[in-house]
Amino acid sequence: MQKDVVRTEEAPAPFQGAPYSQAIRAGDLVFVSGQLALRPGDEELSGGSIAEQTEQVLANLRAILEAAGSGLDRLVKTTVFLQDLGDFAGMNEVYARHVGERPPARSTVEVAKLPSGALVEIEAIAHL
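Notes on the structure follow. From a predicted model like this one, the values you see are computed outputs, not experimental measurements.

### Comments concerning the nonpolar core
- Core analysis: the biggest nonpolar cluster contains 27 residues, and V30, V32, L61, V120 and I122 have the highest contact counts within it.
- Within the residue set of this core, elements represented by two or more residues are β3 (29-35), α1 (50-68), β4 (75-82), α2 (88-99) and β6 (120-127).
- L38, F81, L114 and A118 belong to the second largest nonpolar core, which has five residues in total.

Structure (structure tokens):
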């Protein structure tokens, strides 16, 4: 199976030059690396609330998926990492608006810490 790197300037480059791709297209799937609430070219997080950060994370996911030839409507699985499960409702409200009436399978976990003090990180798998 061929493995193609997906790269767009419409989403942040890999965090601090780390050795990973924004996404990998393999077969009829695209695997998107975890996204934080960073705007392309910025080093500081966008927004201080869980809602603001989730909006930016989903904007990044959308840009990467579109660059791969997919979209949020083609998500099949996401994993949401939260700094605090107490933010679940705020994240979920924003998330629900973006994933449509046929949401993907999803796992949500609380983690001890996220890069740059982020409140949320989301990784995704989508169909092309």
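From this point, the narrative continues.
### Points about the pairing of β4
- Most of β4 is tucked away, with six of its eight residues classed as buried.
- Note: β4 against β6, seven bridges, orientation antiparallel. Within β6, the residue paired with T78 across the bridge is A124.
- Sheet topology places β4 next to strand β5 (residues 105-110); six bridges connect them, and they run parallel. The partner of K77 across the bridge, within β5, is A105.

### A few points about the environment of F81
- Mapped onto the fold, F81 is located in strand β4.
- Residue contacts for F81: discarding those within four places in its chain leaves V109, V111, L114, L119, V120, E121 and E123.

### Observations regarding the environment of Q83
- Its place among the elements puts Q83 in the loop between β4 and α2.
- Under the relative-accessibility criterion, Q83 is labelled partly exposed at 28%.
- Taking the C-alpha atoms as reference points, Q83 and I125, separated by 42 residues in sequence, lie 21 Å from one another.
- Leave out the neighbours within four places in its chain, and Q83 touches E110, V111, A112, K113, L114, A118 and L119.
- One polar contact links the side chain of Q83 to the main-chain amide nitrogen of L114, over a distance of 3.4 Å.

### Brief notes about unusual backbone geometry
- The phi dihedral of S116 falls on the positive side, at around 60°, and the residue is not glycine.
- Looking at the element boundaries, S116 is found in the loop between β5 and β6.
- The class for S116 is partly exposed, based on a relative accessible area of 43%.

About the criteria used
Residues numbered from 1 in each chain as written. Predicted model: local features only at pLDDT ≥ 70, side-chain atom pairs only at ≥ 80, totals over all residues. Heavy atoms only, no water. Core = buried A, V, L, I, M, F, W, Y, C linked by side-chain atoms within 4.5 Å. Buried < 20%, exposed > 50% of the residue type's maximum accessible area, 1.4 Å probe, protein only. Helix = DSSP H or I, 4+ residues; strand = E, 2+ residues; numbered from the N terminus. Pairing = 2+ DSSP bridges. Contact = heavy atoms within 4.5 Å. Polar contact = N/O pair within 3.5 Å; in protein donor to acceptor, adjacent residues only side chain to side chain.

In short, geometric facts, not functional conclusions.
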